[in-house]
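The residues making up each chain are set out below.
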Amino acid sequence: MNTRDLVLIALFAAIVVALGLIPPITLGFIPVPITAQSMGVMLAGCILGAKRGALAFLLFLLLVAIGLPVLSGGRGGLAVFAGPSGGFILGWVVATFVTGLIAQRFVREGQPELRQFIGFFLASIIGGIVVLYAIGMPWVSAITGTPLLAVATGSLAFLPGDLLKAAIATLAARAVFAGYPLLHVRA
Amino acid sequence: MLTSLHIEGDSWLHRLPVRAKLLPLVALSILLFLSGSLPVQLTAFVISGGLYLSVGISWREALKRVGFVFFTIFFLAAVNLFFLPLSEVGVLTLRLLALVLFAAAVTATTTISAFMDEITVLLSPFERLGWVLAADVSLALGLVLRFVPDIFARYQAIREAHRARGLPVRPLTIIGPLIILTLKDADTIAAAIDARGFRRQ
Amino acid sequence: MDIRFTDCSVRFGERVALQPLTLEITERRVGIIGLNGSGKTTFARLINGLVKPSAGQVTVNGLDTVKDERAVLSEAGFIFQNPQHQLIMPVVADDIGFGLKNRGLKGDEIDRRTQAVLSRFGVEHLARRRVHELSGGETQLIAMASVVVTDPKILILDEPTNQLDLRNRRRVADTIAALDEDTLVITHDLPLVENVERLLLFHEGRLAADGAPHETIRRYHEIAGC
Amino acid sequence: MDIRFTDCSVRFGERVALQPLTLEITERRVGIIGLNGSGKTTFARLINGLVKPSAGQVTVNGLDTVKDERAVLSEAGFIFQNPQHQLIMPVVADDIGFGLKNRGLKGDEIDRRTQAVLSRFGVEHLARRRVHELSGGETQLIAMASVVVTDPKILILDEPTNQLDLRNRRRVADTIAALDEDTLVITHDLPLVENVERLLLFHEGRLAADGAPHETIRRYHEIAGC
Ligand SMILES: Nc1ncnc2c1ncn2[C@@H]1O[C@H](COP(=O)(O)OP(=O)(O)OP(=O)(O)O)[C@@H](O)[C@H]1O
Ligand SMILES: Nc1ncnc2c1ncn2[C@@H]1O[C@H](COP(=O)(O)OP(=O)(O)OP(=O)(O)O)[C@@H](O)[C@H]1O
Ligand SMILES: O=C(O)CCCC[C@@H]1SC[C@@H]2NC(=O)N[C@@H]21
Ligand SMILES: [Mg+2]
Ligand SMILES: [Mg+2]
């Protein structure tokens, strides 16, 4: 890995830390908060691509694990992984990777703007929602014993927020792609 | 704002090497997930709670750190009461509480540099395979800590620039320039790292 | 311009950035100099309400920067010390148009005005360029254009010749001198303020000199010890 | 110093940043001036191998910047145009120590050398300060210290007096003048290079003048048209 990639990864992890300054919203009926940091998944995938994006989140998880309060609301430490959010948090790495793969595959320079928007939006939805929920929800169910169906029903509450995040991430990723393209630069 | 959750102290846990804390943590999670016995979970809960409170943390701080996870766990317990028998809910709840307390105790008694040393050891097989360099990981970690304040400062500057131009401050128009300007720094920072010989290839 | 400071002071936490100040500025060309950290940027930000007085009052053309916050913003335009933060859209023309769009103007009118301001600054050729690929001098000029296009009556420029070569410095200086708007220029580049009508010197959060340029500059050399 | 360029040129994609150049530099104090985008930074980066020649060769004290890449890095230290990005670790002393650690030095030795370089630059009091809280002048001095500590024989400084006031500019200029290392200074701040032994002028990627300072500066004014 060249030095520039290493720095890009670190800077993106720092951006995810910064997103954590937006306070989380706790809903009454599901034990996992709504957080702006999951938008980082979509942004990292669509902007840095699969490999560097996933590594940025791996680095972020390392920060959490060694006891830095970088999760929204100033949380951190190993305890977080043992809680109900653990699966979602670990899932961020995989979800970013998938988002990145799709974005790299479907978005190119020189395409009409609309195509690029659609590409980024699909990547964000599939990676940042479908894949992420597929990891996070069974985890909640497995460690808490709550039936999967109940967890899934509760998780519906994330959907409006996550769709909004996908929309913001799409616009931002498009702006970055137009202003400072990194997606296809070889990692 | 990025101060570690480590707590200064000289407790028994503080003096243990990291590995002697991480291995039991892993072992405990496996054990507790395999066991369905209420007494076992209860014992684990009491011991973990005792350990956590023995590290020299104030009650307030102790509660603040695990409060959020506790809240979610109790909430789940309440939900589970509709689906599962009481004893099973007890097992599930105590298990999670025990693990969270133990993990919080490890976090509170381990410094970042102790973690980093352990990570270096854990990475050494991969290092031999040429996949990743431990030195790169600690460099990346330092970079994050170094540049988070810069990102805040830049966020502030972009917000103010919006105001100065009479533009509404919307997340959408801030996040684009914020990311571009931040990532653009990567070129200079990378050049500086190479120029100062921070990486031994 | 008509800017009035009445017993105005600014503190950030413990630190006093500006000592109580009473002052009236009515000249068309004003300059500000002083050592690093002496309070120049803080003073200028008070004028368009980016910094609020901790005590006292600031008015701009009769508007109070606290009470009439929005109105003051369209009265006084600000070009930042690091103007790359000021360019918001990825492409130059879009960035300039963005401010107009937000004022409710329509497509044609936006294009016309964007064109006009770019040619006024002699940078039509940059219209389709990526904002983040501009050189230092170009960034400075585009940042000015993006503010001027919204028709402020007063322009405040914070170190506009930073990192510029002789030619670009001259170009920016000429552009400033030719502006119809009233200007207030903060700088470490003394030749840029040699010919202003009134030059202020800040030192440790106080006004240390105020008057004709040569007199204020002499005092600055004294304070700087060289 | 002993720097040799042999038919060296640089292109970025389509754009030629440096035309084929053959040149030998052996003086102890050298300056570089020129318009924005004329190739100064590119030229300087060639010397410590941050930019590789598209054609031709560059050697520094006999080492080839391509073949002996690592060795060249410890021969020539570089202080960047925006040095706040050059300080990489969160705390001043750690930042200075990090470069030494990577050269395989041990804890005590690292501390000793860090202390020594900080006091050499008169900034011991900044050892525990957070890097992002330094002022412009302090950042500049610490960036120099962080490079000097690794004992390069040649120091390259890219616009070291940017954004500084008269006093800080003087302080940085004095520090540079007092360095034992050979120095190569790129700047738009002409007084800073008035007394170098040899002053180079770049224009549109070519060497446009090369010689005594007053002569090169005269030519620069001609080219800049003012
Ligand atoms: N937002 C802030 N929070 C805390 N302190 C601040 C803030 N803004 C400015 N200061 C402090 O107030 C003082 C005056 O700062 P100001 O930016 O006005 O100086 P300046 O004269 O513009 O300096 P320079 O020439 O370096 O730009 C400095 O000591 C600075 O550190
Ligand atoms: N990495 C790069 N990719 C593409 N073009 C580049 C790159 N670096 C420099 N250039 C271009 O090469 C030319 C020379 O740039 P250089 O940075 O050497 O100029 P300079 O003389 O240092 O200018 P300044 O005084 O503004 O710092 C410029 O046109 C610049 O846009
Ligand atoms: O504990 C945390 O800070 C993070 C928990 C994970 C939150 C998940 S990510 C997908 C879903 N969307 C949200 O807004 N929250 C959940
Ligand atoms: Mg200032
Ligand atoms: Mg340069």
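No experiment lies behind these values; they were computed from the predicted model shown. Position numbers for residues count from 1 along each chain, tracking the sequence in the order it is written. Written order decides the labels, with chains lettered from A and ligands numbered from 1. Under the rules for a predicted model, residues below a pLDDT of 70 receive no local features and side-chain atom pairs below 80 are neither given nor counted, while totals for whole chains, interfaces and linings still include all residues. To get the side-chain values, take all heavy atoms of the structure and skip hydrogens and water.

**Things to note about the site of ligand 2**
All names here are of chain D.
So, point 1. Within the structure, ligand 2 sits among 14 residues, and Asn36, Gly37, Lys40, Thr41 and Thr42 are positioned closest to it.
So, point 2. Here a polar contact is recorded for every N or O atom pair within 3.5 Å, except that within protein the pair must consist of a potential hydrogen donor and a potential acceptor, and residues adjacent in sequence are included only if both atoms are side-chain atoms. Within the backbone of Ser38, an N or O atom sits 3.2 Å from an oxygen atom of ligand 2.
So, point 3. Between an oxygen atom of ligand 2 and a side-chain N or O atom of Thr42, the distance comes to 2.5 Å.
So, point 4. Here ligand 2 has 640 Å² of accessible area as a free molecule, and 66% of this is covered by the chains.
So, point 5. The helix count covers DSSP runs of H or I at least four residues long, the strand count covers runs of E at least two residues long, and both are numbered beginning at the N terminus. Elements with a minimum of two residues in the shell around ligand 2: strand S2 (15-25) and helix H1 (40-47).
So, point 6. Looking at the shell around ligand 2 element by element, the count peaks at 3 residues for H1.
So, point 7. Charged means Asp, Glu, Lys or Arg here, nonpolar means Ala, Val, Leu, Ile, Met, Phe, Trp, Tyr, Cys or Pro, and polar covers whatever is left, Gly included. The residue makeup of the shell around ligand 2, split by class, is 3 nonpolar, 8 polar and 3 charged. One heavy atom suffices: a residue is near a molecule or strand as soon as one of its heavy atoms comes within 4 Å of it. Surface exposure here means Shrake-Rupley accessible area, sampled with a 1.4 Å probe, where a residue is shielded only by the protein chains that are shown.

**Here's the deal with the sheet that holds strand S7 (residues 154-158) of chain C**
All names here are of chain C.
So, point 1. Any two strands are treated as partners once DSSP identifies two or more bridges connecting them. Strand order in the open sheet formed by 6 strands is S6-S7-S8-S3-S9-S10, with mixed pairing between adjacent strands. Because the sheet does not close on itself, it has two edges, and the strands there are strand S6 (76-79) and strand S10 (206-211). Direction aside, neighbouring strands of the sheet carry axes that sit 15 degrees apart on average.
So, point 2. Whether two residues are in contact is decided by their heavy atoms: any pair within 4.5 Å suffices. An axis is simply a line fitted to the C-alpha atoms; with a helix, the fit covers only the stretch in contact. Between two such axes, the angle follows the N-to-C directions and lies from 0 to 180 degrees. Contacts from helix H5 (residues 136-148) reach S6 and S7 within the one sheet, and its direction differs from that of S6 by about 165 degrees.

**Things to note about the site of ligand 3**
Residues and elements named next belong to chain A.
So, point 1. In the region of ligand 3, 16 residues are neighbours, and Pro33, Arg75, Ser85, Asp162 and Lys165 sit closest.
So, point 2. Here a nitrogen atom of ligand 3 and a backbone polar atom of Pro33 are 2.8 Å apart.
So, point 3. Out of a free accessible area of 420 Å², ligand 3 has 100% covered by protein chains.
So, point 4. Counting only elements with at least two residues in the shell around ligand 3, the list comes to helix H5 (86-106) and helix H8 (158-179).

**Concerning the environment of Arg108(A)**
Residue and element names in this part refer to chain A.
So, point 1. Turning to its location among the elements, Arg108 is positioned in the loop between H5 and helix H6 (113-144).
So, point 2. As a C-alpha pair, Arg108 and Pro24 span 84 residues in sequence and 34 Å in three-dimensional space.
So, point 3. When near neighbours in sequence (up to four residues on either side) are disregarded, Arg108 contacts Gln116, Phe177 and His184.

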